[in-house]
Amino acid sequence: TDYTDSKETKFSTHETGWVYLHTGHTYSAIAIASEVQYIVDMADDDAVTFREEVNDAVTTLREEVKREVVASRDMCEHCFDALLHELSSSRSNHGTTHGNKRKMPYLRPNNRKIPAVDCPLFVTWKKLSRTRPATMPCDEKIDAPKVYEDSDYELRGCIGTLAPRPLDSALAEFALTSAFHDVRFDPIALIEVPRLKLAVSLLVGFSPCRDCLDWVPGLHGIIIKFHGDSTKRSFSATYLPEVAVEQGWSQREAVLSLVRKAGYYGTVTEDLLSRIHCTRYQSSKRSMTYQEYELVKGEELPYVVEEVIRKRNSESCINL
């Protein structure tokens, strides 16, 4: 649950009173837990009962958040910060970090808004198709970013992990890994940034399927694991919840594609399909375009992107 500035959150701690958290921004329960923990740390050492009860409550709340962690705008902003911080170190329009190693301090991502919980995650970068115009940083300032359909974007990189990782460190790690080390694509270049759209997917609600078709496209992502017919080699692969819908696949078509993605190129028989162990999960997903990021950052947005684009377009702005 999110608590907004229109509400006053009461946190029960002790029969002698309450701890009131006045939130000026939108906070998740884990952020509230962190604030309460800070109050506990600042409390008088003699208030043993108070401290113990608050600690127990914070622990319970953190466990609940681990089961229901939600992707947020702050997480998307953090990923864009990490990307620009890395790209700006070269001050070039190449997606590498060769040359000048000095990173700009005001670009350094800050994880203080990221919940300190472990969760499986994926970070996806997409790029606006060249057939679609994009608002560039050197255009006149606009009140709101242009809105495009997801089909207007092309995949540019997607990497994550099914193993729970601490979000406060893993978000930046996988933002860079998917941007620069997805072997299907060249590394993202600085000149491409204004056309990018980012998605953070946090994987939650894992449960076993009765069979490989026991899931709902668009609602569930799936993980398949199986052994080949004539080998003991094991295979596994996953698709996020949105993949089947974006590709227009049925459940069976998605599973057949996933078998190939896992690296199995033998004949896919009904017997093999019946032996697939399938796990379904849901995804808390949040997306952000570069234009939305630009509006969030305001004057804090580094000039490096504008600088590179202006060098490439010295006389006038063009659509890349």
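Just above, that's the structure.
Residues numbered from 1 in each chain as written. Predicted model: local features only at pLDDT ≥ 70, side-chain atom pairs only at ≥ 80, totals over all residues. Heavy atoms only, no water.

Caption draft 1: Main features of the packing of aromatic side chains. Under the counting rule described, the total for this entry stands at nine aromatic pairs. On the numbers, 5.3 Å between centres and 15 degrees between planes, the contact of Phe226 with Phe235 is stacked. On the basis of relative accessibility, which here comes to 2%, the residue Phe226 falls in the buried class. Judged by its relative accessible area of 6%, Phe235 falls in the buried class. (Phe/Tyr/Trp six-rings, centres within 6.5 Å; stacked < 30°, edge-to-face > 60°. Buried < 20%, exposed > 50% of the residue type's maximum accessible area, 1.4 Å probe, protein only.)

Caption draft 2: Focus on the nonpolar core. Formed by 34 residues in total, the largest nonpolar core has its most connected members in Trp125, Leu167, Val200 and Leu202. Broken down by secondary-structure element, the contributors of at least two residues to this core are helix 3 (73-87), strand 5 (118-128), helix 4 (167-180), strand 7 (196-208) and helix 8 (290-297). Here Leu202 is in contact with Val69, Val70, Ala71, Met75, Cys119, Pro120, Leu121, Leu167, Gln282, Ser283 and Ser284, once residues within four sequence places are set aside. Core analysis: the next-biggest nonpolar cluster, separate from the first, contains 26 residues, Phe226, Val259, Leu272 and Tyr281 among them. (Core = buried A, V, L, I, M, F, W, Y, C linked by side-chain atoms within 4.5 Å. Helix = DSSP H or I, 4+ residues; strand = E, 2+ residues; numbered from the N terminus. Contact = heavy atoms within 4.5 Å.)

Caption draft 3: Inspection of the layout of surface pockets at higher detail. Roughly 640 Å³ of internal volume is contained in the second largest pocket. Every residue lining the second largest pocket is counted, 27 residues in all, and those nearest its centre are Thr124, Leu155, Cys158, Arg184 and Val243. Where the lining of the second largest pocket is concerned, the elements lending two or more residues are strand 5, strand 6 (153-166), strand 7, strand 9 (234-239), helix 5 (241-247) and strand 10 (277-289). Among the elements that make up the lining of the second largest pocket, the one with the highest residue count is strand 6 (five residues). When its residues are assigned to classes, the lining of the second largest pocket shows 12 nonpolar, five polar and 10 charged. (1 Å grid on protein atoms, 1.4 Å probe; cavity = no way out; pocket = protein on both sides within 12 Å on 5 of 7 lines; lining within 4 Å. Points joined across faces, edges and corners; volume = space filled by probe spheres on them. Nonpolar A, V, L, I, M, F, W, Y, C, P; charged D, E, K, R; others polar.)

So yeah, pure geometry; function would need other evidence.
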